[in-house]
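A structural walkthrough
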Amino acid sequence: MLGKTLVIGVGSMGSALLKGALDKGILNANHTSVLVRRSEQLESLRAELGVIGFIKMPPLEDFQTIILAVKPQVLPTVLSQMDSLREGTTVISVAAGVTLSTLQRALPKATIYRAMPNTPASIGCGMTALATDVADDTSAVEALFAAVGEVVVVSEADLDRLGALSGTGPGYMFVILDALADAGVRIGLPRVLAIKAAAQAMYGAGKMALSSGEHPAVLRDQVTSPGGTTIAGIGAMEKGGLRSALQDGVLASYERSNELGK
Ligand SMILES: NC(=O)c1ccc[n+]([C@@H]2O[C@H](COP(=O)([O-])OP(=O)(O)OC[C@H]3O[C@@H](n4cnc5c(N)ncnc54)[C@H](OP(=O)(O)O)[C@@H]3O)[C@@H](O)[C@H]2O)c1
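This is a predicted model, so every value here is computed, not measured.

1. Here's the deal with the pairing of strand β5 (residues 90-93)
- Burial of the side chains of β5 extends over both faces: T90 and I92 are buried on one face and V91 and S93 on the other.
- In terms of strand pairing, strand β4 (residues 65-68) meets β5 through four bridges, oriented parallel. Paired with I67 across the strands is I92, a residue of β5.
- Regarding topology, helix α3 (residues 75-80) serves as the crossover connection from β4 to the parallel β5, and that connection is right-handed.
- As judged from the four bridges shared by β5 and strand β6 (residues 111-116), these two strands associate in the parallel manner. Paired with I92 across the strands is Y113, a residue of β6.
- Viewed along the sheet, the connection from β5 through helix α4 (residues 100-106) into β6 turns out right-handed.

2. Focus on the packing of helix α7 (residues 169-186) against helix α8 (residues 191-212)
- It is at 8 Å that the axes of α7 and α8 come closest, and there the two elements cross at 130°. Judged by the angle between their axes, α7 and α8 are oblique. α8 is crossed by α7, and the crossing has right-handed handedness. The residues of α8 that touch α7, namely those facing M173, I176, L177, D178, L180, A181, D182, G184 and V185, are R191, A194, I195, A198, A199 and M202.

3. Here we look at the layout of surface pockets
- Of the pockets and cavities examined, the second largest pocket occupies roughly 1400 Å³.
- Lining the second largest pocket are 49 residues, and of these A69, V70, K71, P72 and A95 lie nearest its centre.
- Counting residues per element, the ones that place at least two in the lining of the second largest pocket are α1 (12-23), α3, β6, α6 (156-167) and α11 (242-261).
- Within the lining of the second largest pocket, the residues separate by chemical class into 23 nonpolar, 18 polar and eight charged.

Cut-offs and rules
Residues numbered from 1 in each chain as written. Predicted model: local features only at pLDDT ≥ 70, side-chain atom pairs only at ≥ 80, totals over all residues. Heavy atoms only, no water. Buried < 20%, exposed > 50% of the residue type's maximum accessible area, 1.4 Å probe, protein only. Helix = DSSP H or I, 4+ residues; strand = E, 2+ residues; numbered from the N terminus. Pairing = 2+ DSSP bridges. Right-handed = clockwise from strand over helix to strand, strands pointing away. Axes fitted to C-alpha atoms, helices over the stretch in contact; angles between N-to-C directions. Parallel < 35°, antiparallel > 145°, perpendicular 65-115°, else oblique. Left-handed = near helix turned anticlockwise from the far one by under 90°. Contact = heavy atoms within 4.5 Å. 1 Å grid on protein atoms, 1.4 Å probe; cavity = no way out; pocket = protein on both sides within 12 Å on 5 of 7 lines; lining within 4 Å. Points joined across faces, edges and corners; volume = space filled by probe spheres on them. Nonpolar A, V, L, I, M, F, W, Y, C, P; charged D, E, K, R; others polar.

Spatial relationships are all this shows, so hold off on functional conclusions.
Now the structure itself:
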């Protein structure tokens, strides 16, 4: 049970979480508050979701759970306004690169979680890595992120690794999708049709991998008949460095995230 909850920052990620959790009944609008900066946004969230709203930090004693969904650079200011937090409050931060120890130092009374979701959370297809140093029972916080997709509880080191794979993953997929659509146009397809066909192929392949539990190499084997069209395509892509480019991309993202976390 998350209890009375305050969401601080309702941008892309805060709003995906808030809407998903309200929709799935993990949060109850009567016990859910938001802290935003603009009164127009406050009014529209009140009208749309029926939540309670603030444009200044409210007293925090009443809240059992606080979700921090502001940008990492804004977080220090927000943390400095959270003195009234009571002992044992659950605080969940989605801010990339801000470590559990930094959060714990700023909020010594809180039970801290870090989460690394991704943008498909906004359509209920997210992938969230969750880490905590202190909590034994993570089920209530897991349920929050399960409202917007899949969730795995991992070490903080793995959360940072997953940031470079699933956190940034939708960005990689959009580039691959755009490139495949370009290829479709190059062989004569209209762009809209090429995008739809490539996106559905990505979606279907991802779903097959998840639902079958098979190794991707087994699934690929099933569609590459000897001397056929798929193996011809894969051969040319691999000659162009597809696999190593993807590995290098994830590695570069991980290294960048380590630099930013310092
Ligand atoms: N988007 C992703 O793919 C993704 C993935 C994993 C983690 N995250 C993390 O999620 C967090 C939010 O990212 P986002 O993409 O949702 O950013 P975003 O869309 O810019 O949302 C941030 C929100 O915080 C609000 N805000 C700024 N200062 C505030 C304050 N003092 N009090 C209350 N609200 C304040 C902003 O309001 P204004 O619009 O009025 O400035 C904005 O609505 C980041 O820490 C990011 O690292 C994002």
